[in-house]
Amino acid sequence: MTANNMDELVALAKRRGFIFQSSDIYGGLQGVYDYGPLGVELKNNLKSAWWRAMVYDRDDVEGLDAAILTNPTTLRYSGHEATFTDPLVDCRECKSRWRADHLESDQCPSCGSNDLTEPRPFNLMFKTAVGPVDDGSSFAYLRPETAQAIFTNFKNILDSTSPKLPFGIAQIGKAFRNEITPRNFIFRVREFEQMELEFFVKPGEDENWHDHWVNERLSWWAAQGVNENNLELYHVPADELAHYSKSTVDLMYRFPHGLEELEGIANRTDYDLGSHTKNQGDYNIQSEVQPNTEANAKLAIQDLETKEWQVPYVIEPSAGVDRGVLAVMNEAYTVERLEDGKERTVMSFRPHLAPIKVAILPLKRNHEGIVAKAKDIKKTLQKLGLGRILYEDTGNIGKGYRRHDEVGTPLCVTVDFQTVEEDDTVTIRNRDTMAQERVHTNDLSAYVSEYMS
Ligand code: GAP
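Q: Would you explain the sheet that holds strand β13 (residues 247-255) in this entry?
A: Across a sheet, strands are paired by hydrogen bonds formed along the backbone, either parallel or antiparallel in direction. Strand order in this open sheet of seven strands is β3-β10-β11-β17-β14-β13-β12, and the pairing throughout is mixed. In this open sheet, the two strands that pair with only one neighbour each are β3 (61-64) and β12 (231-235). Across this sheet, the average inter-strand angle for adjacent strands is 25°, counted without regard to direction. Sheet analysis places strand β14 (residues 258-269) next to strand β17 (residues 313-320), joined by six bridges and oriented antiparallel. Paired with Gly-264 across the bridge in β17 is Ser-318. Its contacts with the sheet place helix α9 (residues 321-332) against β10 (167-176), β11 (191-201), β13, β14 and β17, and it is angled at close to 40° to β13.

Put into structure tokens, the structure is as follows:
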């Protein structure tokens, strides 16, 4: 099951502390959101799952965490200064601004006027002054994609890790775009995070690797609980391709507001490394890039047999973290009708994504023995390193179960009189089945580890 509409997700996200409008008490900042106590856990868990799959489970990928502030020259040679634009139209009547390709008619969506300007290119990059003198020349861009820092660090990583083709560099981090019309909650925002892999391959092997990564990424999203029926592949037509792309396959997800891009998997050829590379003559550059003549970069790899310097091609799976959070929240959102006629809302996250793994609920919050045992169990389970284990002594177990259903906690452990006075067993209550079973505290760690794996 998924949410019926975006409003249901927005309401739950605020009520339970997943996502808030940024600067909420001052009326918000358009296209900017903050992740609350549960949102930060969910987001971190999604990023960890990506990092595990992309870096730890492989032997051919290294990680990177580069700066957000970017030297403008990087973004000149990447092509972003010239081409990273959306078509902007102004309404002369009410002064509102719109993205021309998002308009459904020739009328202003705000006031209905037909008096719109011709579309003009609007660059999406944010600029900021660097240093104390703001004279217009000492500025940096906030990166619009994490990818460029992977390309500009290519030589550093080559020199420090000596990889052989094919190999990849992975990065998760913030990106900024001054979207003309941010909309649909965290779907299109101005500050967001990306999870990007640049996978470098020999030219000629690029198309096979492109297919490979499309399949890998589909399987990964399925492992995060995204129903394959809600994903579609979109082969981007030539006239819609980004300036660097030879071909792109978008993974489209059925968001509450419609089918839209969750991740793009592009064949960027040698466009970026080529354009950041000096001395075109030394290297084998396949695409028609204009190599940089200012820098002294050697963004190429030497074939040890032929001794030829080659600028590799790159396949880039690039996923939005925020869109990923929205997709897994939508997939998890379930409303069930119970036998007694009541409804329960359950966020059925996969255990590895759940913000809270286990909630420990003492039956009585003022019973010394029960409280001490519950705290002791929390400490023991926390040491497993699975994520957040919550001790919660509100005293109402039934309400606790409902609350933890709604935030997606897979297991609740209740400590009661039987635990401390009789047999050292606790009740484990399962979110999905609502079944309860008694388990000895000695077996609890093994039970929880097994359930979360
Ligand atoms: N390096 C390639 C690149 O940046 P992109 O298709 O522009 O390609 C990749 O962006 C992903 O980043 C998208 O599939 C989307 O998930 C996410 N993304 C892009 N713009 C976004 C925005 N304004 N708000 C939220 N996520 C965004």
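From this point on, the discussion continues.
Q: Explain the packing of aromatic side chains here, please?
A: Given two aromatic rings, their pairing is described by the distance between the two centres and the angle made by the two planes. In the structure shown here, the tally under the stated rule is 13 aromatic pairs. Seen from their ring centres, Trp-220 and Trp-221 are 4.8 Å apart, and the 75° between their planes marks the pair as edge-to-face. By the burial criterion, Trp-220 is buried, and Trp-221 matches it. Clustering of aromatic rings is evident, with ring pairs tying together Phe-151, Phe-154, Phe-167 and Phe-200.

Q: So what exactly am I meant to see when it comes to the pairing of β17 here?
A: In the case of a regular strand, side chains alternate between the two sheet surfaces. Across the eight residues that make up β17, a large majority, eight, are buried. Neither face of β17 is exposed, since Tyr-313, Ile-315, Pro-317 and Ala-319 on one face and Val-314, Glu-316, Ser-318 and Gly-320 on the opposite face are all buried.

Q: Can you help me understand the side chain of Lys-357 in this one?
A: Among the secondary structure elements, Lys-357 is positioned in strand β20 (residues 356-362). Buried within the structure, Lys-357 lacks any salt-bridge partner; its nearest side chain of opposite charge belongs to Glu-41, at an N-O separation of 7.3 Å. At 2.9 Å, the side chain of Lys-357 forms a polar contact with the backbone oxygen of Pro-351. With residues near it in sequence (within four places) discarded, Lys-357 still touches Asn-45, Pro-351, His-352, Leu-386, Gly-387, Arg-388, Ile-389, Thr-409, Pro-410, Leu-411 and Met-452.

Q: Explanation requested: the site of the ligand in the structure shown.
A: Taken together, 20 residues surround the ligand, and among them Glu-145, Glu-179, Val-189, Glu-196 and Glu-261 come closest. Contacts to the ligand include Phe-187, whose backbone N or O atom sits 3.3 Å from a nitrogen atom. Between an oxygen atom of the ligand and a side-chain N or O atom of Glu-261, the distance comes to 2.6 Å. When contributions to the shell around the ligand are tallied by element, the ones reaching two or more residues are β11, β14 and β17. Of the residues that constitute the shell around the ligand, the class distribution is six nonpolar, four polar and 10 charged.

Q: Is there a simple way to think about the sheet that holds strand β24 (residues 436-440) in this case?
A: Sheet architecture is open: five strands sit in the order β21-β20-β22-β23-β24, paired in mixed fashion. The two strands at the open ends of the sheet, each matched to only one other strand, are β21 (388-391) and β24. The average undirected angle you get between the axes of adjacent strands in this sheet is 25°. Lying over the sheet, helix α11 (residues 397-407) contacts β20, β21, β22 (411-415), β23 (425-430) and β24, oriented at roughly 170° with respect to β20.

Q: What am I meant to see in the environment of Glu-196 here?
A: In this fold, Glu-196 is placed in strand β11. Judged by relative accessible area, Glu-196 falls into the buried class, the value being 1%. For the pair formed by Glu-196 and Met-54, sequence separation is 142 residues and the distance between their alpha carbons is 9.5 Å. Aside from chain neighbours lying at most four places away, what touches Glu-196 is Trp-50, Glu-145, Thr-146, Ala-147, Ile-150, Ile-169, Ala-170, Gln-171, Glu-316, Pro-317 and Ser-318. Looking at Glu-196, its side chain comes within polar contact range of the side chain of Ser-318, at 2.6 Å.

Rules used throughout
Residues numbered from 1 in each chain as written. Predicted model: local features only at pLDDT ≥ 70, side-chain atom pairs only at ≥ 80, totals over all residues. Heavy atoms only, no water. Pairing = 2+ DSSP bridges. Helix = DSSP H or I, 4+ residues; strand = E, 2+ residues; numbered from the N terminus. Axes fitted to C-alpha atoms, helices over the stretch in contact; angles between N-to-C directions. Contact = heavy atoms within 4.5 Å. Phe/Tyr/Trp six-rings, centres within 6.5 Å; stacked < 30°, edge-to-face > 60°. Buried < 20%, exposed > 50% of the residue type's maximum accessible area, 1.4 Å probe, protein only. Lys, Arg positive; Asp, Glu negative; His and termini not counted. Salt bridge = Lys/Arg side-chain N within 4 Å of Asp/Glu carboxyl O. Polar contact = N/O pair within 3.5 Å; in protein donor to acceptor, adjacent residues only side chain to side chain. Near = heavy atom within 4 Å. Nonpolar A, V, L, I, M, F, W, Y, C, P; charged D, E, K, R; others polar.

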